[in-house]
Amino acid sequence: MKPNMQSALQSVGIFRHYCGYPYFVLAVAIAAENPDRLQNIRREIYLPVAKLCHAKLANVEKSIRTIRDVMMRNDGASLLEEMTGSSCWRKRTPYPKEIIEIFAESFANELKNEECLSSKRL
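Predicted, not measured: the structure shown is a model, and the values here were computed from it.

What follows covers the overall build of the protein. A count of helices and strands for the protein gives six helices and zero strands. The helix and strand sequence of the protein, counted from the amino end, reads α-α-α-α-α-α. Per-residue burial for the protein yields a buried fraction of 40% across its 122 residues. Taking all contacts inside the protein whose residues are at least 6 apart in sequence as the whole, residues at least 24 apart take part in 59%. Accessible area for the protein stands at about 7,400 Å²; split by element, carbon and sulfur atoms hold 50% of it.

Have a look at this one:
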């Protein structure tokens, strides 16, 4: 059974108490909706996240980098290797954009199902 995004994040030490947690999840959702937005991540993903969360753009960027750093300190390379099939993550630290893309591809269906459930509740 494929893990959900929350359990994947928890497996590498990323919990909801990190202020970057909602920023990261939202960034992944936006990227899953339209992967082309990753081409200009600052304008197309980070800025909308900042607006939605009433945060400064710089804080969103910094918090997502913190999520990446914590993930990599807690053997995130193994998780990324499992998700992508590539061992390159053991040799270099990924850019936040790469992690967002990997999570967006892996959890796109989960995010779409959550959207459907949310819209039915309204």
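So much for the structure itself; the text now carries on.
Moving on to the pattern of salt bridges. Following the criterion strictly, the structure yields seven salt bridges and no others. The shortest N-O distance in the salt bridge between Glu44 and Arg43 comes to 3.0 Å. Across the pair Arg92 and Glu98 runs a salt bridge, and its minimum N-O distance is 2.8 Å.

Tracing the backbone through its elements, the reader meets Gly20 in the loop between α1 (5-11) and α2 (21-33). Among the residues examined, Gly20 registers a relative accessible area of 3% and is labelled buried. Note: C-alpha distance between Gly20 and Thr66 (46 residues apart in sequence) is 7.3 Å. Apart from the residues within four sequence positions on either side, Gly20 is in contact with Ser63 and Ile67.

Generally speaking, a soluble globular protein has its nonpolar side chains buried in company with each other. Membership of the largest hydrophobic core comes to 37 residues, with the highest contact counts inside it found for Phe24, Ile45, Ile100 and Phe103. Secondary-structure elements contributing two or more residues to this core are α1, α2, α3 (41-53), α4 (57-73), α5 (76-84) and α6 (96-121). If one sorts the elements of this core by residue count, α2 sits on top with eight residues. Apart from the residues lying within four places of it in its own chain, the contact partners of Phe103 are Met5, Ala8, Leu9, Phe24, Val28, Met71, Leu79, Leu80, Met83 and Ala108.

Another aspect to go through is the packing of α3 against α4. The axes of two packed helices give the description: the angle between them and the distance between them. Remark: α3 packs on α4, axes separated minimally by 8 Å, with the N-to-C direction vectors making an angle of 105°. Taken as axis vectors, α3 and α4 run roughly perpendicular relative to one another. In contact with Arg42, Tyr46, Leu47, Val49 and Ala50 of α3, α4 contributes Leu57, Val60, Glu61 and Ile64. For the contact of α3 with α4, the per-class residue count stands at seven nonpolar, no polar and two charged.

Below, the discussion takes up the environment of Gln6. Looking at the secondary structure, you find Gln6 in helix α1. The class of Gln6 is partly exposed, set by a relative accessible area of 30%. With 15 residues separating them along the chain, Gln6 and Tyr21 place their C-alpha atoms 9.8 Å apart. Setting aside chain neighbours within four positions, we find Gln6 in contact with Arg16 and Tyr21.

What counts and what doesn't
The residue numbering used here restarts from 1 in each chain and proceeds along that chain's sequence as written. Local features in this predicted model are restricted to residues whose pLDDT is 70 or higher, and side-chain atom pairs enter the listing and the counts only when it is 80 or higher, whereas totals over whole chains, interfaces and linings include all residues. Side-chain calculation: all heavy atoms of the structure are included, whereas hydrogens and water are not. Under the DSSP-based scheme used, a helix requires at least four consecutive residues in state H or I and a strand at least two consecutive residues in state E, with every element numbered from the N terminus. Under the scheme applied here, a residue whose accessible area is under 20% of the maximum for its type counts as buried, over 50% as exposed, and between as partly exposed, the area being computed with a 1.4 Å probe on protein chains only. Working rule for contacts: check all heavy atoms of both residues, and any pair within 4.5 Å makes them a contact. Exposure was quantified through the Shrake-Rupley algorithm and a 1.4 Å probe, taking into account, for residues, occlusion by the shown protein chains and nothing else. When a carboxyl oxygen of Asp or Glu lies within 4 Å of a side-chain nitrogen of Lys or Arg, that pair is called a salt bridge. To qualify as a nonpolar core, a set must consist of buried Ala, Val, Leu, Ile, Met, Phe, Trp, Tyr and Cys residues joined through side-chain atoms within 4.5 Å. To obtain each axis, a line is fitted to C-alpha atoms, and for helices this fit is confined to the stretch in contact; angles are then taken between N-to-C directions over 0 to 180 degrees. Roughly parallel refers to an angle under 35 degrees, roughly antiparallel to one over 145, roughly perpendicular to one between 65 and 115, and oblique to any angle outside these ranges. Note that Gly is not counted as nonpolar here; it falls among the polar residues with everything else outside the nonpolar set of Ala, Val, Leu, Ile, Met, Phe, Trp, Tyr, Cys and Pro and the charged set of Asp, Glu, Lys and Arg.

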